Amino acid sequence: MQQVTRTIAMALLGASALAAQAQTATHLYLLNGSLADEMGGPALVANGGTLGVNGYTFGLNQGLSLANALPASVYTVDLQFSFDALGGWRKIAQFKGDGSDNGLYAYGDHLQFYPQATSADSVFTAGQLARLTLTRDAAGQFSAYINGAPVLGFNDGGSADATYSEPAALGVFFRDDHYTNGYEAGSGVVRYLRVYDQALSAGQVAVLSVPAIDPVGVVPEPQAWALMLAGVAALTLARRGNRQPG
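Below you will find a few notes about this structure. (Residues numbered from 1 in each chain as written. Predicted model: local features only at pLDDT ≥ 70, side-chain atom pairs only at ≥ 80, totals over all residues. Heavy atoms only, no water.)

## Here we look at unusual backbone geometry
For residues besides glycine, phi is generally negative; the peptide bonds are generally trans as well. For the peptide bond that leads from Tyr114 to Pro115, omega is 5°, which places it in the cis range. As for its position among the elements, Pro115 is in the loop between β9 (110-114) and β10 (117-118). In the Ramachandran plot, Leu31 falls in the positive-phi region, its phi being about 55° despite a non-glycine side chain. Unusually for a residue other than glycine, Phe174 sits at a positive phi of about 70°. The topology assignment puts Phe174 in the loop between β14 (171-173) and β15 (188-196). Judged by relative accessible area, which is 1%, Phe174 ranks as buried. (Helix = DSSP H or I, 4+ residues; strand = E, 2+ residues; numbered from the N terminus. Buried < 20%, exposed > 50% of the residue type's maximum accessible area, 1.4 Å probe, protein only.)

## Points about the sheet that holds strand β8 (residues 103-107)
In a beta sheet, neighbouring strands are held together by backbone hydrogen bonds and run either parallel or antiparallel to one another. The antiparallel open sheet is built from seven strands, whose spatial order is β2-β5-β14-β7-β8-β9-β10. Only two strands of the sheet have a single neighbouring strand rather than two, namely β2 (45-46) and β10. Sheet topology places strand β7 (residues 89-94) next to β14; two bridges connect them, and they run antiparallel. Bridge pairing in β14 places Ala93 opposite Phe173. (Pairing = 2+ DSSP bridges.)

## Points about the packing of aromatic side chains
The final tally for this structure, using the stated rule, is 15 aromatic pairs. Considering the side-chain rings of Phe142 and Phe154, the 5.2 Å spacing of their centres and the 35° angle between planes classify their relative orientation as tilted. One end of the pair, Phe142, is in strand β12 (residues 141-146); the other, Phe154, is in strand β13 (residues 149-155), with twelve residues separating them in the sequence. Classification of Phe142 as buried rests on a relative accessible area of 0%. Residue classification places Phe154 among the buried residues on the basis of a relative accessible area of 8%. What links up through ring pairs into an aromatic cluster is the set Tyr56, Phe58, Phe81, Phe83, Phe124 and Phe174. (Phe/Tyr/Trp six-rings, centres within 6.5 Å; stacked < 30°, edge-to-face > 60°.)

And the structure:
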């Protein structure tokens, strides 16, 4: 009976994780040979670089931009990428177009939102993919996660540095701004990018997975179905075990 109880607990835990995972992205860019949005929204725009079946490879100051798709102030942006080399500043994301030095950087092997906050620990390795998730809620709290773990946060309610306030809510990725003449940039690859029109919680971010090539929306992945079926089977066994003869 104890084994059945443990099985039920594991199944319920899996179902809880699935519920968090099932948040629906409003925009999904798989970068598998196309810059199109799998959800039918505006496409990404590439500034040079090479688009292949396994992602978009960018050189210095190439990168991607996205207009008319990013929520201005309450959002989650999730992407997986790597830089070929680290050192100094490497621009990851711009929130004000090309006219401001403020924004998100790899600073050495740390994550930095200049001029607000820098991660306490090293979070990047050259040539190694990292899943970066950015959230900003209605209270102005900005949070950044690497591979599901929180690494940086600050209240953006006063400065609004992390709001997409340019016309068309333009977001720019992996291209440096004009303020520093574009020298704070790096080369690398990005595998996907997705956007949510809500700020996911830390728990929801922790259980996000890299999207499949064929998007499944909110439909559970096969392993999630297996967890739920195991839970149903365990409940059935428990009920049978509690029946008294006669």
